[in-house]
Structures are given as structure tokens and as C-alpha cells.
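This is what each chain is made of:
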Amino acid sequence: MRALQRYRIHLGTAAWILHRLSGLALILYLLTHIWVIHHLIGGRESFDATMEFFNNPLFKALEIGLVGVILYHLWNGLRVTLVDVGVMVEKQKQVFGVAVVLWLVSWGVVAYAMLTRTGGLLSTVARIGGGGLS
Amino acid sequence: MMHRENVTSGGAVLWLFQRVSGVYLAIVLFAHVWLLHYLLREDLTFAAVSDRLATPLWKTIDISFLVVAVFHGLYGLWIVLEDYIHWGWARIFLYSAISLVALIALALGILTILPFQGGF
């Protein structure tokens, strides 16, 4: 039992540290995102030139990672909120398990869409590969 | 706790706001990502986003999204920093710096969204 308790504390602490780190990363992203999107003010040429900078496999892959960070923060944040308002506190461990599953499944679904859609990672890799061959 | 800080995290109302805004962001962010990375089956160009952004409904949604996200993010940053910064003057400096960044981000975002007409 003692080992199990220590494990639970470790898990909760790890979740808490990851929540803070993902939050810090998301603030940096949010501020950068506002800066990038503000190029809409400059009209079509300004915005399209800015977005073209990000239209390559590196940023498409980073974007999929970003979604993973967002979704971790989202599901763990909802879990923490449930604990805070006293819902299912006695089933905390199961709630944590459900949050992890929802995180990975939702990340998988969005990652699949971002990989396969037109303008997604795979078509961007193919476009660059095709450009190299021709 | 009272002995060491002049600027504090603001108590129960802000604590509740952080939870409520988190739930709101979860919903709007889901719609945002789904729309721009799934439903929109083309590159994210000016032409692809400008029709939507020019409508009053999307301006309202995006501005509420912006305001809530900036507040949630920078208030969260303040909560984290508060755990490590204990000196009064350093707290006041950081609080001011975070507030300034929040105001700049809000101003930049609102100036982008609110007057946007598209089509140029």
C-alpha cells in the first residue's frame, strides 16, 4: 500500500509539473500566434507571405506536437477542475486514466487529420519531394 | 502568507474564472482546430480564411476567444511565477510586465480582428 501511495503522489506531481510546463509552452505559442496572424492587417500579400514561411514539413510536424501539448493541458485541466469542484474525487485514479486515454485518442484523431488533409504534413512532404524530383 | 506579498493571485473569484475560462477555451479551441485543420481542406491562405473572419459572428467568437485565452494564459503564468518570486518589488515588476504583455497582445489581436473586411 505504501508503494502504491507513493506512486499516486508521483503521478499527481508529474501531472501537475506537466500542466505548468505545457501551460508555459502554450503562452509562448499564443503570443507568437497573435503576432503571426496580425499580418492579416497588411492584406493578402503580407498574410500569404507570412503563412508561406510555415508551409513546410517542419512546422506541419511541430503543429501536430502543439496539438498534443494543447490536448494534454485541456484534458488534465478538466480533470483538475473536476477534482476542484469535488466531482468523483474518490475515483481520482480512474478519472486520471480516462483523461490520459482521452488525451491520446483525441490527439490521434486530430493528428491523423493534420497528416492526411490537403495541405497537411504528408501532402507537404510530397510537394517538396516532387519539387526535388522535377 | 500575508507577510510576504503586496501583489497576490487574487483569490476565489479569479480561481473560479481560471476554471470556467478553461472549460470555455476547451470548447472554442476544439472548434477552432477542427475548423482550420479538418473542415478547411486547403492551405491556410488569406483567401481561405478571410470570408469567415469578415462576419460579425466570427469576429465576436474570435475576440472572445482571444480575450479569454490571453487572460487564462497570462494569469496562469502569474500563478506559476508567484510560487517562485517572493520579493515585493520583483512581484510588482513581474505583475506589471505580464499586464503589459497582456495589453499588447489584446490590442494587437483586436486590431487584427475587429476592422477586418477581407477581400483586399
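Located above this text is the structure these notes cover.
Residues numbered from 1 in each chain as written. Chains lettered and ligands numbered in written order. Predicted model: local features only at pLDDT ≥ 70, side-chain atom pairs only at ≥ 80, totals over all residues.

**Here we look at the packing of helix α3 (residues 57-84) of chain A against helix α1 (residues 11-39) of chain B**
Consideration 1: Where α3(A) contacts α1(B), the two axes come as close as 10 Å, and the packing angle between them is 145°. When the axes of α3(A) and α1(B) are compared, the crossing they make is left-handed. Residues A:V67, A:I70, A:L74, A:G77, A:L78, A:T81 and A:D84 of α3(A) lie in contact with α1(B), whose contacting residues are B:R19, B:G22, B:V23, B:A26, B:L29 and B:V33.
Consideration 2: Looking at the contact of α3(A) with α1(B) residue by residue, the classes come out as eight nonpolar, three polar and two charged. (Axes fitted to C-alpha atoms, helices over the stretch in contact; angles between N-to-C directions. Helix = DSSP H or I, 4+ residues; strand = E, 2+ residues; numbered from the N terminus. Left-handed = near helix turned anticlockwise from the far one by under 90°. Contact = placed C-beta atoms within 7 Å. Nonpolar A, V, L, I, M, F, W, Y, C, P; charged D, E, K, R; others polar.)

**Side note on the nonpolar core**
Consideration 1: Counting 28 residues, the largest nonpolar core has A:V67, A:I70, A:L71, A:W75, B:V70 and B:L74 as its most contacted members.
Consideration 2: Of all the elements in the fold, those that place two or more residues in this core are α1 (2-37), α2 (43-53), α3 and α4 (92-116) of chain A together with α2 (46-53), α3 (56-82) and α4 (88-113) of chain B.
Consideration 3: Residue contacts for A:W75: discarding those within four places in its chain leaves A:A99, A:L102 and A:W103. (Core = buried A, V, L, I, M, F, W, Y, C linked by C-beta atoms within 7 Å. Buried ≥ 20, exposed ≤ 12 C-beta atoms within 10 Å, placed from the backbone.)

**Section: the packing of α3(A) against α4(A)**
All names here are of chain A.
Consideration 1: At a minimum axis separation of 9 Å, α3 and α4 run at an interaxial angle of 155°. By the angle class used here, α3 and α4 are roughly antiparallel. In the crossing of α3 with α4, the sense of the turn from one axis to the other is right-handed. Contacts from E63, I64, V67, G68, L71, Y72, W75, N76, R79, L82 and V83 in α3 reach Q92, V95, F96, A99, L102, W103, S106, W107, V110, A111 and M114 in α4.
Consideration 2: Broken down by class, the residue content of the contact of α3 with α4 amounts to 16 nonpolar, four polar and two charged. (Parallel < 35°, antiparallel > 145°, perpendicular 65-115°, else oblique.)

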